[in-house]
Amino acid sequence: MAGEPDSDEVVTSDASASPETQLPPLDILEIEPVYEVLAHSRRRYLCYTLLEDTEWSLTDLATKIAAWENDVPEHTVTEDQREEVYASLYHAHVPKLVDEGVITFDEATETITTARHADQVLTALKGIGASLDSEQETHAQSDMDEQEG
Amino acid sequence: MAEDDLTSSANTHGTQVAQRQYEHNGQGELTTAIIYAIAEADGVSLSEVKSPPLYDSVDVPAIEKAFFGPNGAGDSRQGVGTVEFQYSDYLVKVQSDGWIRVYEPTEADHS
């Protein structure tokens, strides 16, 4: 493809436009990578947060996901719980989502932002019935243990 | 090369500086377990292990699947072996029994 965007690529999706009125992006993800992205509970959790806001600091994300997984309020998340999720996001799940073009990651500020394939993945996530209601992912912790590391 | 009797496996791998056992059915991910071992080798906290992401060094989900992943019947595949990879200055070995070992190059390795 001509004109690969450089590293400080801008977010091309307009958050205010509803997916229904948008033409699909030219380079849509195939179905398999979409499901691969959503196959891991931590990546789904990360995607839930993108429904809420298009930009997150990695620390805030780690705190939020640790709270969900441990089923505790965010302010009671321990440093160990937060660090564990942070390392997992930093070393595995964030680069995976960057690879698939779902998010961009600014190393200097440690901020993630939605990228060109975010709409498609979030639409798929909503299509399979997921919502910000974490009730649906109550068993994510045990689910995660059975899956990839 | 001189024998190093402080660590049983100090040979061509250099000197072992950290180890950790990953329990597949326990809590946590293989990626995090490897980072714990590297953090210990570095003497830093987990979140201080930065750049490059482990993702860029080795395909951890592939190791996970090969060693611990379910087979068609839902049992563990029980692959046997060791995967070694370089991370920063360390050599990291992940064994199919779950042991993760981190080695630092010895002087001899620099020659």
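So, here's what we can say about the structure. (Residues numbered from 1 in each chain as written. Chains lettered and ligands numbered in written order. Predicted model: local features only at pLDDT ≥ 70, side-chain atom pairs only at ≥ 80, totals over all residues. Heavy atoms only, no water.)

Re the interface of chain B and chain A
It is common to report an interface's size as the accessible area lost on association of the parts. Rules: Note on definitions: a residue-residue contact is assigned when non-hydrogen atoms from the two residues lie within 4.5 Å. Two parts lose some accessible area (1.4 Å probe) when they are put together, and adding that loss for both gives the buried area. Whenever Lys or Arg places a side-chain nitrogen within 4 Å of a carboxyl oxygen from Asp or Glu, that contact is recorded as a salt bridge. As used in this structure description, the phrase polar contact means that two N or O atoms lie within 3.5 Å; if the pair is within protein, one of them must be able to donate a hydrogen and the other to accept it, and residues adjacent in sequence are counted only when both atoms belong to side chains. We call Asp, Glu, Lys and Arg charged. Ala, Val, Leu, Ile, Met, Phe, Trp, Tyr, Cys and Pro are nonpolar, and the rest, Gly among them, are polar.
Each side of the interface is counted separately: chain B has 25 residues, and chain A has 22 residues. Note on chain B versus chain A: buried area summed over both sides is about 1900 Å², and carbon and sulfur give 52% of it. When the buried area of chain B at its contact with chain A is split by residue, Glu29, Lys50 and Tyr55 of chain B rank highest and sum to 32% of it. There are 2 salt bridges connecting chain B and chain A. Residues Arg42 of chain A and Glu29 of chain B are paired through a salt bridge, measuring 3.4 Å at the closest nitrogen-oxygen approach. Run the count over chain B and chain A and you get 15 residue pairs in polar contact (both at pLDDT 80 or more). The class makeup of the residues in the side of chain B that touches chain A is 12 nonpolar, 10 polar and 3 charged.

A short note on the packing of aromatic side chains
Test applied: Note on aromatic contacts: the rings of Phe and Tyr and the six-membered ring of Trp form a pair at centre separations within 6.5 Å, being stacked when their planes are under 30 degrees apart, edge-to-face when over 60 apart, and tilted otherwise. A helix here means a DSSP run of H or I that spans at least four residues, while a strand means a run of E at least two residues long, and both kinds are numbered starting from the N terminus. Each residue gets one of three labels from its accessible area relative to the maximum for its type: buried under 20%, exposed over 50%, partly exposed in between, using a 1.4 Å probe on protein chains only. Comment: the charge-over-ring label is applied if NZ (Lys) or CZ (Arg) is within 6 Å of the ring centre and within 35 degrees of the ring normal.
Under the counting rule described, the total for this entry stands at 7 aromatic pairs over all chains. Ring geometry for Tyr48 of chain A and Trp68 of chain A: centres 6.1 Å apart, planes at 90°, overall edge-to-face. Separated by 20 residues along the polypeptide, Tyr48 of chain A in helix 2 (residues 41-52) and Trp68 of chain A in helix 3 (residues 58-70) bring together distant segments of the chain. Across the pair, Trp68 of chain A and Tyr48 of chain A agree in class, each one buried. With a centroid separation of 6.2 Å and 10° between ring planes, the pair formed by Tyr86 of chain A and Tyr90 of chain A is classed as stacked. One end of the pair, Tyr86 of chain A, and the other, Tyr90 of chain A, are both in helix 4 (residues 79-99), 4 residues apart, so they sit about a helical turn from each other. Looking at Tyr90 of chain A, the relative accessible area reads 4%, which means it is buried. Taken together, Tyr45, Tyr48 and Trp68 of chain A form an aromatic cluster joined through their ring pairs. One Lys or Arg, Arg20 of chain B, reaches over the ring of Tyr36 of chain B and ends 4.0 Å from the middle of that ring. The side chain of Lys50 of chain B reaches across the aromatic face of Tyr90 of chain A, ending 5.6 Å from its centre.

Section: the pattern of salt bridges
Residue and element names in this part refer to chain A. Across all of its chains, the model carries 9 salt bridges over all chains by this definition. Glu84 serves as the salt-bridge partner of Arg42, at 2.9 Å between the closest nitrogen and oxygen. Separated by 42 residues along the polypeptide, Arg42 in helix 2 and Glu84 in helix 4 bring together distant segments of the chain. The pair Arg42 / Glu84 is uniform in exposure class, with both members buried.

Things to note about the sheet that holds strand 2 (residues 82-87) of chain B
Residue and element names in this part refer to chain B. To be explicit about the condition: In this analysis, strands are considered paired if DSSP registers two or more bridges between them. Note on geometry: axes are C-alpha line fits, over the in-contact stretch for helices, and angles between N-to-C directions span 0 to 180 degrees.
One open sheet holds the 4 strands; their spatial order is 1-4-3-2, and the pairing between them is antiparallel. If you trace the sheet from one side to the other, it starts and ends with strand 1 (15-21) and strand 2, each paired once. Looking at each pair of strands side by side, their axes are set apart by 20° on average, direction ignored. Relative to strand 3 (residues 90-95), strand 2 runs antiparallel, the two being bridged by 6 bridges. Among the inter-strand pairings, Tyr87 is bridged to a residue of strand 3, identified as Tyr90. The sheet strands contacting helix 3 (residues 60-68) are strand 2 and strand 3, and the helix crosses strand 3 at an angle near 30°.

Observations regarding helix 2 of chain A
Residue and element names in this part refer to chain A. Basically, it comes down to this: Helices are assigned an expected span. That span is 1.5 Å times one less than the residue count.
The terminal C-alpha atoms of helix 2 lie 17 Å apart, and with 12 residues this matches the ideal 16 Å at 1.5 Å per residue to within 8%. Among the 12 residues that make up helix 2, 10 are buried, leaving the element largely enclosed by the rest of the structure. Residues Ser41, Arg42, Arg43, Arg44, Tyr45, Leu46, Cys47, Tyr48, Thr49 and Leu50 constitute the buried set of helix 2.

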